[in-house]
Amino acid sequence: MESVVTTCGGCGKAIRIRRPEVRRKHLCPICGTLLTTPTSGAIEGTRRSAPAHRRAFIGSLGLLELTLLMMISAPAAVWSSAAWTTSAAASPPLVFRESAPTPRLPESLDRKAAMFLQAATTNGVNLVGQAVCRLLEARPLARGLWFLGGLSAKASAQEGVATPARGDEVAASPALLTPPDFGAPAIDELQAKLAVPEERRFLLRDEDGRQIVARLHGSHNGKTVVMLPDGRLGVPSMLVPTDEPFKPLTADEMSDRLLTGPFSGFKLHRTKHYLILYQSDPGQPDGDAFAKSNGVLLEDLYERLSAAFRNHDMSVHEAEFPLVAVIFKKEEDFRAFRPVAPDVQAYYEIYTNRIFLYETPSGRRSGPEVDALLKPQMTAHEGTHQILQNIGVQPRLSDWPLWLVEGLAEYCATPAPPRKGVAAWDGLGQINNLHMATIREIEDPVSLSMRGQDVQTKSLFRDPGQPLVEAMIRRNELTPTEYALAWAITHYLAMKRVDDFTRFLRIMGAAAPLEPRTADDHVKTFREVFGADLGKLDKTINAYLTKLTKQKGYDPMPYYAVLFEQPLPNGRLRRAAMVSQSPQLIKQWIDEMSNPAAGLPNWQATPFPSRGRATLAVQEWIRTN
């Protein structure tokens, strides 16, 4: 008995049943729904009656289909085979990119045929080819007409959606239309331009029980990540394919859901690209000043970053979703929302696609001047992470080396003193005085001696003889001082090796989400772009940093006299002091000095214009205490 095709009531896919006369349950190989199969009598009746597919050709719909085939059959023998080609391979994980341009047709094509094909391939999608695919799938008689256009079809067995079970299979859909080999370079070029990856979509339910359409973002070793309509990433437990379109939420829809959901009670400040949710005290007339100043900074950062990449021929696009920033009024609320390390003052969440920060710290972490510098730096740093992963430069969940991720963020987050009380930002690629101070002191003997003999300040770990650049490439976590080194490497490459750095970013931007890369892979890619002699590169970067100290944009940090006290369990008081220009080294030194089993540490950092005056202040404090 002939096989039959039925439609699954669960996922809507056409399923072929090879032996419908066998009385047993037939399950959908995609979603597991019980299939409804025709009875044997119905099958026999179908076989005795005139084939419905053949009768359809004399009806109005059948005439339309026949006309369509006749319209395309003559020119198809010459040109349509080259144009109606899509990839049959499994869809690659989504990478943000600009929309495919309308393909340029070979000049040798017939003018009328070219006009017809141009109209049919709007946005790189061959609409007529899709119609023919659906026709060939639905009409058995039409499959005998493949020769009219020189077309052939391959079953979509490579789609990777499900494996047929117990003799039932997904009905074959022509996923690839293979043309004859004309051997013309122009045709090959056209085929490449028309090859558009399939966007795979799935039906899910969100946390509120709403049915939504998600888009495949990445897949590796059985783990699948999908993009949700609000820009978040999710890991579904079950995949139900759908043909429904993926529709990103609008700014109004997203703000309504955020303000009535996890951030009820927050206020909203909207800009061109951002939804900024913030807390403020009811009695404060300027309670939204911090949110507004950060909105100005983030929009400026977005526009400058996009322009910089376009100016260097990097493919970027507008953010597909409104970008969300959440500002807590107090540090305590920031840490209560999600537990993070004590030294984390802001962060970007890749899965939610949101940045989080706070306005008022619970205690002073540095000198007042340093606190003022760090506020805009934190916003710009986390904002850079968010922007790069939404304009097509860094695919979310792609495995980039940590020095590059943080180095780029620091390159774009140079702080400046506040202007008229508003958080300031110096722009892209400026000299970071905080990092310059740190780099100068990492190996400075005088600075090392001032930190005390009982503390071994953590420095970058590297094997004997290993170049500093290679050690940084292999790092999977960074200390505060290593953030400065990541900035230094990025600053040199972006300023002095522009073409190589742009090519390197293009290579990294092609990394598929979830695809793992080892430290050896990162080192190999770096050497291929920037050269194999990383020891020589170390010396070049060091000489470059020395020259930066003589440039106009370099403004040295003051020297801080840092005084530290902590009560010990035996009733004694531990005292220590140091002098440093580097807030990062000061913080790292205080963390190492603090004993978690002892009392609450107390410290202060006082700025001085020279190291000598800061040293005298420390000596006086030690002598009188």
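Residues numbered from 1 in each chain as written. Predicted model: local features only at pLDDT ≥ 70, side-chain atom pairs only at ≥ 80, totals over all residues. Heavy atoms only, no water.

When helices and strands are tallied, the protein shows 22 helices and 20 strands. Look at the contacts in the protein between residues 6 or more apart in sequence, and 66% of them connect residues 24 or more apart. Accessible area for the protein stands at about 31500 Å²; split by element, carbon and sulfur atoms hold 54% of it. (Helix = DSSP H or I, 4+ residues; strand = E, 2+ residues; numbered from the N terminus. Contact = heavy atoms within 4.5 Å. Areas by Shrake-Rupley, 256 points an atom, 1.4 Å probe, with all protein chains shown as cover.)

Right, let's talk about the pattern of salt bridges for a bit. Overall, the coordinates contain 22 salt bridges when judged by the stated rule. Here aspartate 300 and arginine 304 are joined by a salt bridge, their closest N and O atoms 3.1 Å apart. With a gap of four residues between them, aspartate 300 and arginine 304 both fall in helix H10 (residues 289–311), about one helical turn apart. Among the residues examined, aspartate 300 registers a relative accessible area of 30% and is labelled partly exposed. (Salt bridge = Lys/Arg side-chain N within 4 Å of Asp/Glu carboxyl O. Buried < 20%, exposed > 50% of the residue type's maximum accessible area, 1.4 Å probe, protein only.)

Attention shifts here to helix H22 (residues 611–624). With 14 residues, H22 should cover 20 Å at 1.5 Å per step; its first-to-last C-alpha distance of 20 Å lies within 8% of that length. Every buried residue of H22 is accounted for by Ala614, Thr615, Val618 and Trp621. All buried residues of H22 project into a common sector of 125° when viewed along the axis, lining one side. Exposed residues pointing more than 90 degrees away from the buried face of H22 are listed as Arg613, Leu616, Arg623 and Thr624. Contacts made by the buried residues of H22 are with strand E18 (559–567), strand E19 (573–580) and strand E20 (602–608). (Expected span 1.5 Å × (residues − 1). Arc of directions from axis to C-beta.)

So, on to the sheet that holds strand E7 (residues 211–220). Pairing is antiparallel across the open sheet formed by five strands, whose spatial order is E9-E8-E7-E6-E10. Bordering the open sheet on either side are strand E9 (233–234) and strand E10 (241–242), each of which pairs with just one other strand. As judged from the five bridges shared by E7 and strand E8 (residues 223–227), these two strands associate in the antiparallel manner. Bridging across to E8, glycine 218 finds its partner in valine 225. (Pairing = 2+ DSSP bridges.)

Next up on the list: the sheet that holds strand E14 (residues 346–349). Taking strand neighbours across the sheet as the criterion, the five strands line up as E11-E12-E13-E15-E14 in an open arrangement whose pairing is mixed. The sheet is open, and its two borders are formed by strand E11 (267–270) and E14, each paired with just one other strand. Looking at each pair of strands side by side, their axes are set apart by 20° on average, direction ignored. Relative to strand E15 (residues 354–360), E14 is paired through four bridges, and the arrangement is antiparallel. (Axes fitted to C-alpha atoms, helices over the stretch in contact; angles between N-to-C directions.)

For proline 569, the position within the fold is in the loop between E18 and E19. Spatially, the C-alpha atoms of proline 569 and glycine 599 are 7.3 Å apart, while their sequence positions differ by 30 residues. Setting aside chain neighbours within four positions, we find proline 569 in contact with Ala597 and Ala598.

Across all of its chains, the model carries 18 aromatic pairs by this definition. Taking the centre distance of 5.0 Å and the plane angle of 55° together, the rings of phenylalanine 334 and tyrosine 358 count as tilted. Of the two residues, phenylalanine 334 sits in helix H11 (residues 331–337) while tyrosine 358 sits in strand E15, which places them 24 residues apart along the sequence. Judged by relative accessible area, phenylalanine 334 falls into the buried class, the value being 0%. Ring geometry for tryptophan 403 and phenylalanine 526: centres 5.8 Å apart, planes at 80°, overall edge-to-face. You can see tryptophan 403 sitting in helix H13 (residues 402–411) and its partner phenylalanine 526 sitting in helix H19 (residues 519–530), a full 123 residues away along the chain. Of the two residues examined, tryptophan 403 and phenylalanine 526, each falls in the buried class. Clustering of aromatic rings is evident, with ring pairs tying together Phe263, Phe266, Phe328, Phe334, Phe337, Tyr347, Phe356 and Tyr358. (Phe/Tyr/Trp six-rings, centres within 6.5 Å; stacked < 30°, edge-to-face > 60°.)

Our focus in this paragraph is the environment of asparagine 294. Residue position: asparagine 294 is located in helix H10. Given the relative accessible area of 3%, asparagine 294 is considered buried. With 33 residues separating them along the chain, asparagine 294 and isoleucine 327 place their C-alpha atoms 9.5 Å apart. Apart from the residues within four sequence positions on either side, asparagine 294 is in contact with Ile276, Ile327, Leu357 and Thr379.

So, on to the side chain of arginine 201. Among the secondary structure elements, arginine 201 is positioned in strand E6 (residues 201–205). Here arginine 201 falls in the buried class, since its relative accessible area comes to 16%. Side-chain polar atoms of arginine 201 contact the backbone oxygen of aspartate 243, separated by 3.1 Å. Discounting residues that sit within four places of it in the chain, arginine 201 has contacts with Val213, Ala214, Arg215, Val240, Pro241, Thr242, Asp243, Glu244, Pro245 and Phe246. (Polar contact = N/O pair within 3.5 Å; in protein donor to acceptor, adjacent residues only side chain to side chain.)

Inspection of the secondary structure assignment puts glutamate 207 in the loop between E6 and E7. With relative accessibility at 58%, the residue glutamate 207 sits in the exposed group. There is a polar contact of 3.2 Å between the side chain of glutamate 207 and the side chain of arginine 232.

Together, Val235, Ile350 and Tyr351 line one region of the surface with nonpolar side chains, adding up to about 230 Å² of accessible area. Turning to its location among the elements, tyrosine 351 is positioned in the loop between E14 and E15. On the basis of relative accessible area, tyrosine 351 is assigned to the partly exposed category, the value being 31%. (Patch = residues over 30% accessible without salt bridge, like charges linked within 9 Å, V, L, I, M, F, W, Y side chains within 5 Å.)

Attention now moves to the confidence of the model for the protein. When the pLDDT values of the protein are averaged, the result is 74; 63% of them are 70 or greater. Taken together, the stretch residues 366–370 has pLDDT below 50 and engages in nine contacts with residues farther than four places along the chain or on a different chain. Contacts for the low-pLDDT stretch residues 451–459, under 50 throughout, to residues beyond four places or in other chains number 16 contacts. (pLDDT = per-residue confidence, 0-100.)

Once that is clear, we can look at the packing of helix H14 (residues 433–442) against helix H17 (residues 480–496). The geometry of H14 relative to H17 is characterised by a closest axis approach of 9 Å and an angle of 110° between their N-to-C directions. Between H14 and H17, the angle falls in the class roughly perpendicular. Within the contact between the two elements, H14 uses His435, Met436, Thr438, Ile439 and Ile442 and H17 uses Thr481, Tyr483, Ala484, Leu485, Trp487 and Ala488. Per-class residue counts for the contact of H14 with H17 are eight nonpolar, three polar and no charged. (Parallel < 35°, antiparallel > 145°, perpendicular 65-115°, else oblique. Nonpolar A, V, L, I, M, F, W, Y, C, P; charged D, E, K, R; others polar.)

All right, on to the nonpolar core then. In this structure, Phe309, Trp403, Leu404, Phe526 and Leu545 are the most contacted members of the largest nonpolar core, which totals 68 residues. Per-element tally for this core: the top contributor is H17, with nine residues. Once you skip the residues sitting within four places of it in the chain, leucine 404 turns out to touch Phe501, Phe504, Leu505 and Met508. Counting residues in each nonpolar core, the second largest holds 15 residues, with Ala251, Leu258, Leu275 and Tyr347 among its members. (Core = buried A, V, L, I, M, F, W, Y, C linked by side-chain atoms within 4.5 Å.)

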